[in-house]
Every structure is written in structure tokens, then in C-alpha cells.
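Commentary on secondary and tertiary structure
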Amino acid sequence: MTTSPLASLKFYKAPDANIYSGSRSDEEYGTRLCHIVECLNVTEASDFNSISQNSSDQKKSLAFVGFCSDEGVKRNHGRPGAREGPEAIRLAIKGLPLHNDKLLLYDCGDIAIDTELEQGHEELAQITRELAKHVDLVFVLGGGHEVAYGHFLGQWRPEIDSSRAPPGVFNFDAHFDLRKMDRASSGTPFLQMHELCNEHNQKLNYQVMGIQSASNTRTLFETAHRYNVKYLETEEIMNSNTVADHFIKPFIQKNEQIYVTICLDVFNGGCAPGVSAVNAFGLQPNHVIHVLRQLIQSGKVRHIDIAEMNPKYDVQSLTARLAAMLVFVTMEELSKQ
């Protein structure tokens, strides 16, 4: 094609290849992410077309997109700073080792907004939808958890996808994010999804792992029950080695497509201090990684995002390194398929 389908994006920012330059000199010691990632300005036809031209039956492909926004966090009266999250995660992932040559990796830049959250949602939906036509997995780097609604629209919207069911949504989170507000925020995305689906006679299958009773009001629990949201509380996970396995098995079986969204405030604050709402009694990384592996192994996951990375409050890049570990696990499992 002579024109990129993403040429009209208003809030697009091309990727910065300099982020990956620092570790390129050690390639003789083994391949790292920075050695193979291609930085593409997907608003340019030549760059966009190269994704499909490079496709291979022998390799899986993954595209990173940043969503630079903390407008939703501000609207939700949280601590701003997540707008810088995508860059912090990129700096943490650039040195990740690759243990095989079965991946094609692309950095496709950012949707970067200030207060224009609704427009940002539309452009995030557009870029993720187009990329998903050409890669095996789209991985969005946030950004506040308002990222979830825009990313969902990239997978299902009634005027385009009425012939099929919405993807099952699996959220690792201490919060339901089912708030009713007069405009979108980091606290509203999953209620927005439910309302959109209901308006068009579709049912959203939404499950949450890591819920905290101390972090959700009675009204939010009532909303979750009204929409038949299945959830697993942190304390249940801490007290059982098998409860998470039983929780996800029927979810995987009943959904043809699965969208995974990971809010970093699901983790204990000792592992993830760099978030808007630090969690004093959160999950340990092994709890999440164990389930994330099973979800990806199902072969039904084509969209993942990480939300609430806030470098302003991070300590020794612990939260960014944890996000990088989640990316590593994703790449590892994808390369096995």
C-alpha cells in the first residue's frame, strides 16, 4: 500500500531508537532485545508495510505500543506520573536476553496525550487493531489503567465486530475499576466495556485476580455482582497453591479470544512501589507469572497491556524491572508456540 492506514493519527509519536542503543555493543555475549527490535514509524507506509513483509511461518511477531497517559489517573484523583511509564519500561526491557531466534520484535511508537483521553482511546484502538492484523501479539505499555478501554476497542467494537463475541478480559488488579463517573478515568474502563457490550446485546466475560477488600467499596462489589464479574481475592491466593488454577481453567475454556491486562498495583508494594496506589498486601510476582504463563499457553491471547507504571515513585527501578519480567515471560511463552 502507498499510504499507511495509520497516517492520520494525531497523537502518534514515533519510537526513539536511541533508547535501545546502550546495550548493542555486547552482542558477542548473546542476543538481547535491543539487538533485534525494529523501531518503526507506522504512520509511514514503508515502515508499516515492512511488518507484513517480514512475517515468517518460523517466527512469532510481537509489536510494542506505548500509551503515554495519566489523564485518567488524574480524573480518578490518583498520583500522576504514569505518562512516563512506557519509556521506563522500554529502558528496563532493552537488555532482556533472548534464548532463541524465534521472535520478530517491533517498537511501533506511542500514542501520547495530555488531557485528550477520549481521542487517545480512539487512536489507541486504531493502532492496536491495525497491528493485530500483521503480528501475533500486541503488547501495550502504559500509562494509567485508562489504557484498557482504548485497547479493548482495538479488539471489539460493535460497528465492526458485531458478528463475534467480545474477547474475555482477564485483569490482574487490586481494584475492580468499575466506577461510575461522568467521564472516562483509570477507575472506569471495565464498566465502560460492560456498558458498551450490554448496549449491543453482548455479554462481557470479565475476571479479576488480586482483588483487595480494603481497596474496593461495597458499591464496587455490588457492581461486580450485578455484572457477574468473577474475582479472586489476594488472601484466597495466598492461602492456596491451586485456587488460581481452578479460577482460570473455565475462563480459558469458554473464551475464543483473551485480552490480558496487568495493573502493577496488584503486586506487593515491596516489588512495585512505582504505581499510583501502592499495595501493602499485594501479590508476589510468582503468583501472577504462574497464571500469565497459562493464559499465553492457551494460544488465545493476542493482546496484553501493562498499566500504572509510574517512574516518579519507583525505587531503584524495581517496578520497571518487574514490568520487564512480565514482558520476558510473554516473549518466552510466545516463542514456544
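Here's a quick rundown of the structure.

Cut-offs used in this document
Residues numbered from 1 in each chain as written. Predicted model: local features only at pLDDT ≥ 70, side-chain atom pairs only at ≥ 80, totals over all residues. Heavy atoms only, no water. Phe/Tyr/Trp six-rings, centres within 6.5 Å; stacked < 30°, edge-to-face > 60°. Buried < 20%, exposed > 50% of the residue type's maximum accessible area, 1.4 Å probe, protein only. Axes fitted to C-alpha atoms, helices over the stretch in contact; angles between N-to-C directions. Helix = DSSP H or I, 4+ residues; strand = E, 2+ residues; numbered from the N terminus. Parallel < 35°, antiparallel > 145°, perpendicular 65-115°, else oblique. Left-handed = near helix turned anticlockwise from the far one by under 90°. Contact = heavy atoms within 4.5 Å. Arc of directions from axis to C-beta. Pairing = 2+ DSSP bridges. Right-handed = clockwise from strand over helix to strand, strands pointing away. Polar contact = N/O pair within 3.5 Å; in protein donor to acceptor, adjacent residues only side chain to side chain. Core = buried A, V, L, I, M, F, W, Y, C linked by side-chain atoms within 4.5 Å.

1. Quick notes on the packing of aromatic side chains
Evaluation of the coordinates by the stated rule reveals 9 aromatic pairs. Taking 5.1 Å as the distance between ring centres and 65° as the angle between the ring planes, the aromatic pair formed by Phe170 and Phe172 counts as edge-to-face. Phe170 sits in the buried class, given a relative accessible area of 0%. When its relative accessible area of 0% is taken as the criterion, Phe172 is described as buried.

2. Quick notes on the packing of helix 11 (residues 243-254) against helix 12 (residues 285-297)
Geometry of a packed helix pair, given as the angle between the helix axes and the separation of the axes. In the contact formed by helix 11 and helix 12, the axes pass within 11 Å of each other and the chain directions differ by 20°. On the basis of their axis angle, the class for helix 11 and helix 12 is roughly parallel. When the axes of helix 11 and helix 12 are compared, the crossing they make is right-handed. In this structure, helix 11 contributes Ala244, Asp245, Ile248, Phe251 and Ile252 to the contact, and helix 12 contributes His290, Val291, Gln294 and Leu295.

3. Things to note about helix 9 (residues 218-226)
Residues of helix 9 that are buried: Leu220, Phe221, Thr223 and Ala224. All buried residues of helix 9 fall inside an arc of 160° around its axis, so they share one side. For helix 9, the exposed residues lying more than 90 degrees away from the buried face are Arg218, Thr219, His225 and Arg226. Downstream of helix 9 by a residue or two, Asn228 has a phi angle that is positive, lying close to 55°.

4. Points about the pairing of strand 8 (residues 230-233)
Of the strand pairs in this sheet, strand 7 (residues 206-211) and strand 8 are connected by 4 bridges, and their pairing is parallel. Within the sheet, the bridge partner assigned to Val208 lies in strand 8 and is Tyr231. In the classification by handedness, the crossover that spans strand 7, the intervening helix 9 and the parallel strand 8 is right-handed.

5. So, the side chain of His175
Summarising the element assignment, His175 is placed in the loop between strand 6 (168-172) and helix 8 (189-199). Among the polar contacts made by the side chain of His175, one reaches the side chain of Asp265 at a distance of 3.3 Å. What His175 contacts, discounting residues up to four positions off in sequence, is Tyr206, Val208, Ile211, Ser215, Asn216, Asp265 and Ala277.

6. Structural notes on the nonpolar core
Phe172 and Leu295 are the most contacted members of the largest nonpolar core, which has 58 residues in total. In terms of residue count, helix 13 (residues 318-335) provides more of this core than any other element does, 10 residues in total. Apart from residues lying up to four places away in sequence, Leu295 is in contact with Phe170, Phe172, Phe251, Ile252, Ile258, Val260 and Val301. Counting 27 residues, the second largest nonpolar core, distinct from the first, contains Ile51, Ile113, Val135 and Ala307.

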